[in-house]
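Now for the letters of each chain:
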Amino acid sequence: VSTQSTGGACDEALYQLGLDMEDVQNEEPDAGLGNGGLGRLAACFLDSLATLGYPAYGYGIRYEYGLFNQAISNCNQVEKPDGWLTFGNPWEKARPEYTIPVHFYGRVQHINGKAQWTDYATVIAMPYDTPIPGYKTNTVNTLRLWSAKSPKDFDLSYFNHGNYIDAVLDRNNAENISRVLYPNDNIFEGKELRLKQEYFMVAATLVDIIRRFKTNKTVPPTNAEDMYADFPDKVAIQLNDTHPSLAVPELLRILMDEEGIEWDVAWKICRNTFAYTNHTILPEALERWPVTMLEHVLPRHLDIIYLINHHHLERVRHAFPGDEDRVRRMSVVEESGEKKINMAYLSVVSSHTVNGVAAIHSGLLTTSLFRDFYQMTPDKFQNKTNGITPRRWLVLCNPSLSHLITEKIGAGWVKELSQLTKLREFVGDKSFLQEIFKTKQENKRKLAQYVFNQYGIELNTGSLFDIQVKRIHEYKRQTMNLLHVIILYNRIRSNPNGDFVPRTVFFGGKAAPGYHTAKQTISLICHVADVVNNDPMMKDRLKVVFLSNYRCSLAEVIMPAADLSEQISLAGTEASGTGNMKFMLNGALTIGTLDGANVEMSEECGIENMFIFGMRVADVEKLWRDGYDTRKFLADLPELQLAFNQIKTGFFNSSEPHKFEGFVDGLISNDRFCVIADFAAYVAEQEKVSELYMDWVQWTEKCLLNIAGSGKFTSDRTITQYAEEIWKVKSVEVDLAPVPDSKE
């Protein structure tokens, strides 16, 4: 509806049926495909690929259950199944004619010098296609999702022994592969089912790609090498983090074992086909598969990984003779402790290009995580700063602001977001600023109405809407935000007649079910919210809201309503972020560190139009080199000491007074992400926020300058850079024949 601008016609048609478009939209569940920001990024990329006319496919798994639905019960996160397919998906079409067998387990035989994978178990991959239409173009690309099916109806041997239930369960074991999305984000969980999911997706996808490649051959090849000679010219595969990196040994297996191509040629094809995007430098998020697990599940692929590593280390020795320590550091196979395969290293070695997703992140890859690889092949490394689609994250979610912009500069910005710079000339136009301010207030009222309907909390829409929504993780430092809330609460209590800038602080995000600290963070937020919101002394001056079950459809209500966007990760930990861009595009001001895309945002809109605080990457490194002692910082922070004491002694949860003792003690003794070190600077910057908010003209001027500086952060720019600088692919304009007149 949005991409073809048929909203008005659809509204009218539904009205004639006695239905409301918004009510119908609210009935559709969010697709259970993504796990935090990476899934939302992929959705933006698909939109841009189609809008720009690039011939591309998206591939993934059709999870029966997506990332869990989050509920809050007694101030604790409760995970509930996200059965988004329970009532079907009208946008997809099953394609049983393209089902593909995928194999697991078994053993490797060597016959006449050739490896042969035998005695394997088989699962069927069934594709389901979802159309991805471009915005006001004739291009419709495809998202193909794989669903696991049992290769047989039932095992008759079970029936022969009367074991009907066992027969059904055996069938379910195969289909469990696409049953549920693993909920961990930025934490590697080395479970066998997850390994099988990753291989299932890439194995089916590669067969599909090769089938299409062969179908489009116009001249019959004389041999296999001739057949695949132009494969890298026709096919570009982007490894979106390491989750699909098993595609590397799988393509080599197909080329060598099934097509009979020799190693040197197969490796060249492979290297020229794959490119790799790294999305994190956090050690706990990097995939390292145990060799024993790979040997059990994918024995042939482990052999091929060993072969890749052998040739790789030979190249390292040739480039750095005598440096065996470097050889050890650069090995894809980690030998210390349990033997593991480093999938990030495998991806770097096997790709022609490696990129990070923000300038600062890409730089850190070359100086830290992949330093040795960069020194060996510096030309391989690039940066591709992430972006968001303005069609969803402004046109769709904030129509009033979109219309306001279009009235001033025309509609061209929707497909060329750089045109937003034209808005800078209206910074002195007070009537235009009033319209922007009015639009923001309308969006705040919508969010306030949602909060009242969901939680029964009445909000002061004149208050500063201070919002932090993202996955709950220590490096994102939701705790620092909450500690500031407690300090504001204590200040109001100690000076009830004081003049305070009213503020409503929103938190939202899911914690991985096994991530204890993140779940405790949510619990503490909810306990603090209960105390603050029920204290009559706070009146309309301070409210705290935890927005449960954060998801795309809720983000579409949140982003337009934000006054202040919290992007406060420790410098050097957030790869890029895209929520920061969505808030910026919708006219929120950012309080944040110089981390991820915040750095480039400050360059585009002017650092004076953001609230930047805290240590830079070099400062963080120096802090740890010198020996970080949290107690030295705490000695100068009496308000923070009081907040810690209140949390530890049960001020915010008298029914379980000791619940958060370990949480506070752990933060003080092991403040890995430097919450305490950055806290004073954070509080000082928040005071600047409050001061500026009281001047609506200056505040709105900065909002306008943020919107005007958002042009760089369109996913159209990101995708164009991938296409031109990595994939070497050109846009294709699709011309459709005119529809004949119905009278003819």
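Please read these numbers as outputs of a predicted model, since none were measured by experiment.

Caption draft 1: Broad picture of the overall build of the protein. Within the protein one finds 31 helices and 22 strands. Carbon and sulfur atoms make up 51% of the accessible area of the protein, which totals about 32,100 Å². Of the charged side chains in the protein, 77 are positive and 95 negative; the average position of the first set lies 1 Å away from that of the second.

Caption draft 2: Layout of the sheet that holds strand β12 (residues 288-290). Read across the open sheet, the 3 strands follow the order β12-β14-β13; overall the sheet is antiparallel. Whereas interior strands pair on both sides, the edge strands pair on one side only; in this sheet they are β12 and β13 (333-334). Judged from the 2 bridges that link them, β13 and strand β14 (residues 340-342) form a sheet pairing that is antiparallel. Considered in β14, the bridge of E334 is made with K340. Its contacts with the sheet put helix α14 (residues 343-350) on β12 and β14, and the angle it makes with β14 is roughly 45°.

Caption draft 3: A look at the sheet that holds strand β16 (residues 381-383). Read from one edge to the other, the open sheet built from 4 strands follows the order β10-β11-β15-β16, with strand pairing classed as parallel. Strands at the two margins of the open sheet, each flanked by one partner only, are β10 (237-240) and β16. Across the sheet, the mean angle separating the axes of adjacent strands is 25° when strand polarity is ignored. The sheet contact formed by β10 and strand β11 (residues 274-277) spans 4 bridges and is parallel. Paired with Q238 across the bridge in β11 is A275.

Caption draft 4: Region of interest: the packing of helix α27 (residues 638-648) against helix α28 (residues 661-669). Axis separation between α27 and α28 bottoms out at 8 Å; the angle between their running directions is 145°. The hand of the α27/α28 crossing is left-handed. Where α27 abuts α28, its residues F644, I647 and K648 lie against E661, V664, D665, L667 and I668. Looking at the contact of α27 with α28, its residues break down into 5 nonpolar, no polar and 3 charged.

Caption draft 5: Local environment of a negative patch on the surface. Together, D11, E12, D20, E22, D23 and E27 make up a negatively charged patch on the protein surface. Among the secondary structure elements, those contributing two or more residues to the negative patch are α1 (7-16) and α2 (21-27). No other element matches α2, which puts 3 residues into the negative patch. When you line up the elements, D23 lands in helix α2.

Caption draft 6: Looking closely at the side chain of S347. Mapped onto the elements of the fold, S347 is located in helix α14. Overall, the relative accessible area of 0% leaves S347 in the buried class. Within the local environment of S347, its side chain forms a polar contact with the backbone oxygen of M343, the two atoms lying 2.8 Å apart. Those residues within four positions of S347 in sequence are excluded, and the remaining contacts are L239, T242, S245 and Y276.

Caption draft 7: Summary view of the pairing of strand β2 (residues 66-73). Here β2 pairs with strand β3 (residues 76-82) via 6 bridges, running antiparallel. Across the sheet, residue Q70 finds its bridge partner in β3, namely E79. Linking two consecutive strands that pair antiparallel, namely β2 and β3, is a turn of 2 residues; a positive phi of about 55° is found at N74 within it.

Caption draft 8: Fine view of the pattern of salt bridges. Following the criterion strictly, the structure yields 42 salt bridges and no others. Close ionic contact of R317 with E314 constitutes a salt bridge, the shortest N to O distance being 3.6 Å. Separated by 3 residues within a single helix, R317 and E314 lie in helix α12 (residues 299-319), roughly one turn from each other. Given a relative accessible area of 32%, R317 falls into the partly exposed group.

Caption draft 9: Main features of the state of the cysteines. A full pass over the atoms with the stated rule returns 0 disulfides. Its sulfur unpaired, C552 is 7.8 Å from the next cysteine sulfur, which belongs to C44.

Caption draft 10: Here's a closer look at the nonpolar core. Of all hydrophobic cores here, the largest spans 83 residues; its most connected members are F200, L252 and F370. Counting residues per element, this core draws most heavily on helix α6 (residues 192-215), which supplies 11 residues. Excluding residues within four positions of it along the chain, F200 makes contact with I61, V102, F104, V123, I124, A125, W146, S147, A148 and I177.

Caption draft 11: Representation of unusual backbone geometry. Positioned with a positive phi, N112 is a non-glycine residue whose angle comes to about 55°. Mapped onto the elements, N112 comes out in the loop between β6 (107-111) and β7 (114-118). Classification of N112 as exposed rests on a relative accessible area of 78%. Phi angles above zero are rare outside glycine, and K728 is one such case at about 55°. You can see K728 is positioned in the segment after α31 (715-727).

Caption draft 12: Spotlight on the packing of aromatic side chains. This model, assessed by the stated rule, comprises 32 aromatic pairs. Here Y57 and Y59 contribute two aromatic rings whose centre-to-centre distance is 5.9 Å and whose plane-to-plane angle is 15°, an arrangement assigned as stacked. Look at Y628 and F633: their rings are 5.6 Å apart centre to centre, the planes differ by 80°, and that puts the pair in the edge-to-face class. Judged by relative accessible area, which is 14%, Y628 ranks as buried.

Caption draft 13: Structural detail: the packing of helix α18 (residues 399-409) against helix α19 (residues 430-455). Across the interface, α18 lies against α19 with an axial gap of 9 Å and an inter-helix angle of 165°. The angle between α18 and α19 places the two elements in the roughly antiparallel class. α18 and α19 meet at a crossing whose hand is right-handed. Counting all contacts with α18, which are made through S400, L401, L404 and K408, the residues of α19 involved are F432, E435, I436, T439, E442 and N443. Grouping the constituent residues of the contact of α18 with α19 by class yields 4 nonpolar, 3 polar and 3 charged.

Caption draft 14: Structural context of a nonpolar patch on the surface. Side chains of L17, L19 and V24 sit close together on the surface and give an oily, nonpolar patch of about 280 Å² of accessible area. Residue placement: L17 occurs in the loop between α1 and α2. Since its relative accessible area comes to 64%, L17 is described here as exposed.

Caption draft 15: Quick peek at the environment of G190. Inspection of the secondary structure puts G190 in the loop between α5 (164-175) and α6. Separated by 298 residues in the primary sequence, G190 and L488 have C-alpha atoms spaced 42 Å apart.

Caption draft 16: How the structure looks around helix α25 (residues 617-626). Buried within α25 are the following residues: V617, V620 and L623. On an axial view of α25, the arc spanned by its buried residues comes to 120°, and they lie on one face. In this structure, α25 carries A618, R625 and D626 as exposed residues pointing more than 90 degrees from its buried face. At the exit of α25 stands G627, carrying a positive phi of roughly 95°.

Caption draft 17: Examining the side chain of Q646 more closely. Relative to the assigned elements, Q646 resides in helix α27. When neighbours within four sequence positions are excluded, Q646 is seen to be in contact with I486, N490, F651 and F652.

Caption draft 18: Here's a closer look at the environment of F660. Looking at the secondary structure, you find F660 in the loop between α27 and α28. Residue classification places F660 among the buried residues on the basis of a relative accessible area of 0%. Remark: the alpha-carbon pair of F660 and I647, spanning 13 residues in sequence, is separated by 6.4 Å. Apart from residues no more than four positions distant in its own chain, F660 is found in contact with Q520, S523, L524, H527, I647 and N653.

The rules behind the values
Residues numbered from 1 in each chain as written. Predicted model: local features only at pLDDT ≥ 70, side-chain atom pairs only at ≥ 80, totals over all residues. Heavy atoms only, no water. Helix = DSSP H or I, 4+ residues; strand = E, 2+ residues; numbered from the N terminus. Areas by Shrake-Rupley, 256 points an atom, 1.4 Å probe, with all protein chains shown as cover. Lys, Arg positive; Asp, Glu negative; His and termini not counted. Charge placed at Lys NZ, Arg CZ, Asp CG, Glu CD. Pairing = 2+ DSSP bridges. Contact = heavy atoms within 4.5 Å. Axes fitted to C-alpha atoms, helices over the stretch in contact; angles between N-to-C directions. Left-handed = near helix turned anticlockwise from the far one by under 90°. Nonpolar A, V, L, I, M, F, W, Y, C, P; charged D, E, K, R; others polar. Patch = residues over 30% accessible without salt bridge, like charges linked within 9 Å, V, L, I, M, F, W, Y side chains within 5 Å. Salt bridge = Lys/Arg side-chain N within 4 Å of Asp/Glu carboxyl O. Buried < 20%, exposed > 50% of the residue type's maximum accessible area, 1.4 Å probe, protein only. Polar contact = N/O pair within 3.5 Å; in protein donor to acceptor, adjacent residues only side chain to side chain. Disulfide = S-S within 2.5 Å. Core = buried A, V, L, I, M, F, W, Y, C linked by side-chain atoms within 4.5 Å. Phe/Tyr/Trp six-rings, centres within 6.5 Å; stacked < 30°, edge-to-face > 60°. Parallel < 35°, antiparallel > 145°, perpendicular 65-115°, else oblique. Arc of directions from axis to C-beta.

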